[in-house]
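# Survey of secondary and tertiary structure
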Amino acid sequence: MTKFSELVASLRRDGEDWGITVGDDWLQGRAVYGGLTASLCLHACHLQENDLPVLRSAQFAFVGPAVGRLRVRPTLLRRGKSSAFVGVELVGEMGLATRALFCFAADRASQLSHAALAYPSPPPPTEGTSVYEGSPLNLNFVQHFEARLVQGHLPFSQGAPEMTIWARHRDGLAAPSLTSLVALADATPPPALAIPKQPGPISTMTWSIDILSSDLEKSEGWWLFRTKADAVADGYSSQSTTIWSANGTPVMIGRQHLALFM
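If you're wondering where the values come from, they're calculated on a predicted model, not measured in any experiment. Here the residue numbers are simple positions, counted from 1 along each chain's written sequence. Local features are withheld for residues below a pLDDT of 70 in this predicted model, meaning they are given only at 70 or higher, and side-chain atom pairs are given and counted only at 80 or more; totals for whole chains, interfaces and linings count all residues. Note that water and hydrogens are dropped before the side-chain values are worked out from all heavy atoms of the structure.

## As for the overall build of the chain
Each helix is a run of H or I in the DSSP string that is no shorter than four residues. Each strand is a run of E no shorter than two, and both are numbered from the N terminus. When you go through the chain residue by residue, the secondary structure sums to 3 helices and 15 strands. Taking 2.2 N^0.38 as the reference for a compact globule, 262 residues should give roughly 18 Å; the C-alpha atoms of the chain span a radius of gyration of 18 Å, in line with that estimate. In terms of overall dimensions, the chain has C-alpha extents of about 50 × 50 × 40 Å along its principal axes. Partly exposed residues are those whose accessible area sits between 20% and 50% of the maximum for their type, while under 20% is buried and over 50% is exposed, using a 1.4 Å probe and protein chains only. Each of the 262 residues in the chain was classed as buried or not, and the buried ones make up 50%. Any two residues whose heavy atoms approach within 4.5 Å are treated as being in contact. Put simply, 66% of the contacts in the chain that link residues at least 6 apart link residues at least 24 apart. What the globule rule says is 2.2 Å times the number of residues to the power 0.38, and the radius of gyration is computed from C-alpha atoms.

Dropping the structure here:
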């Protein structure tokens, strides 16, 4: 099993691209776990472009399965005085797998301030129920993460599609950073999976994230996820997620569109 910190460090220059080989322990079905491909795209941006400002927003389209040797190609689209846009393509042996767009921008002085994402003050992780242990979800990559449900419904419990989950990397060397957080941010199960009784295939099609704070204070590596399905119909689910650091700071919000084969 290759730890996240070791895997990210193995991304190397390969001609005009950055190349990496990912082991079976990071697979999500037959392809590499989507959160990892998104994280590799972000990491390649920082390797190729010097002194990028803070990441503010990103969009990911999971076009196809990421299999075999992966090649990551960041392209600087525009760089201004305070912002930079970088497009990234991640290609595997079956062709284009992930296309990403990153918006980086420096802090700016402002008199405006507003926050509407109150910390929900949930029970601690020790009082939660393991999301992965004993689950019928047969996904290799989950062995790299720990997730504990403290509110809402587990997958396949025939409950409402809402979950509040504490999650973290099992890799103690995965320092708090946006690269490691992006890899973790896709690891919790889609809340729509709370509705059925039996598992079935799922696939993330698109994912967008907004970064709310660069405060990534670590508290035993735990992050709080509140995620819900806003609509489930016609074989698709649209879901929203908010992530707080362990000190109660909202750090990321996201939206995902998924295909449900059940």
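## Considerations on the nonpolar core
Grouped together as the largest cluster of nonpolar side chains are 62 residues, with contacts concentrated most on Trp26, Leu36, Phe60, Phe102, Phe104 and Met252. Ranked by the residues each element gives to this core, the list is headed by helix α2 (residues 34-48), at 7 residues. Among buried residues, the Ala, Val, Leu, Ile, Met, Phe, Trp, Tyr and Cys ones that are joined through side-chain atoms within 4.5 Å form a nonpolar core. Listed in part, the 5 residues of the second largest apolar core include Val150, Trp166, Trp222 and Leu224.

## Focus: the pattern of salt bridges
What counts as a salt bridge is simple: a side-chain nitrogen of Lys or Arg found within 4 Å of a carboxyl oxygen of Asp or Glu. This structure, assessed with the given rule, holds 9 salt bridges. Here Arg71 makes a salt bridge to Asp14, at a shortest N to O gap of 2.9 Å. Note that Arg71 is positioned in strand β6 (residues 70-79) and Asp14 in strand β1 (residues 12-14), a separation of 57 residues in sequence. For Arg71, a relative accessible area of 32% corresponds to the partly exposed category. With relative accessibility at 24%, the residue Asp14 sits in the partly exposed group. For Arg99, the salt bridge goes to Glu89, with nearest N and O atoms at 2.4 Å. Taken together, the residues span a long stretch of sequence, with Arg99 in strand β8 (residues 95-105) and Glu89 in strand β7 (residues 83-92) at a distance of 10 residues. According to the relative accessible area criterion, Glu89 is partly exposed, its value standing at 32%.

## A few points about α2
Helices are assigned an expected span. That span is 1.5 Å times one less than the residue count. With 15 residues, α2 extends 21 Å from end C-alpha to end C-alpha; this agrees with the ideal 21 Å at 1.5 Å per step. Within α2, 12 of the 15 residues are buried, which leaves it mostly tucked inside the rest of the structure. Every buried residue belonging to α2 is among Gly34, Gly35, Leu36, Thr37, Ala38, Ser39, Leu40, Cys41, Leu42, His43, Ala44 and Cys45, and all of these are buried.

## Some points on the packing of α2 against helix α3 (residues 178-185)
Angular values range over 0 to 180 degrees, each being the angle between N-to-C directions of two axes fitted as lines to C-alpha atoms, with helices fitted over their stretch in contact. Packing of α2 against α3 brings their axes to within 7 Å, and their N-to-C directions diverge by 160°. On the basis of the axis angle, α2 is roughly antiparallel to α3. You can see that α2 and α3 cross each other, and the crossing is right-handed. Between α2 and α3, the contacting residues are Gly35, Ala38, Ser39, Leu42 and His43 on the first element and Leu178, Thr179, Val182 and Ala183 on the second. Three categories are distinguished: nonpolar for Ala, Val, Leu, Ile, Met, Phe, Trp, Tyr, Cys and Pro, charged for Asp, Glu, Lys and Arg, and polar for the others, with Gly belonging to the last. Across the contact of α2 with α3, the residue classes tally to 5 nonpolar, 4 polar and no charged. Convention used here: angles under 35 degrees read as roughly parallel, angles over 145 as roughly antiparallel, angles from 65 to 115 as roughly perpendicular, and any remaining angle as oblique. Rotating anticlockwise by less than a right angle from the far helix to the near helix defines a left-handed crossing, while the corresponding clockwise rotation defines a right-handed one.

## Overview of unusual backbone geometry
With glycine set apart, most residues show a phi of negative sign, and most peptide bonds adopt trans. The backbone of Asp51 shows a phi angle near 55°, a positive value even though the residue is not glycine. Turning to its location among the elements, Asp51 is positioned in the loop between α2 and β5 (55-62). Using a relative accessible area of 70% as the deciding quantity, one classes Asp51 as exposed. Look at Gln158: it is not a glycine, yet its phi comes out positive at around 60°. Tracing the sequence through the fold places Gln158 in the loop between β10 (145-152) and β11 (162-169). The exposed category is assigned to Gln158, whose relative accessible area is 56%.

## Topic: the environment of Phe104
Residue placement: Phe104 occurs in strand β8. For Phe104, a relative accessible area of 0% gives the class buried. Placed 50 residues apart in sequence, Phe104 and Leu154 show a C-alpha to C-alpha distance of 35 Å. Those residues within four positions of Phe104 in sequence are excluded, and the remaining contacts are Leu42, Cys45, His46, Leu52, Pro53, Val54, Leu55, Arg56, Ser82, Ser83, Ala84 and Val86.

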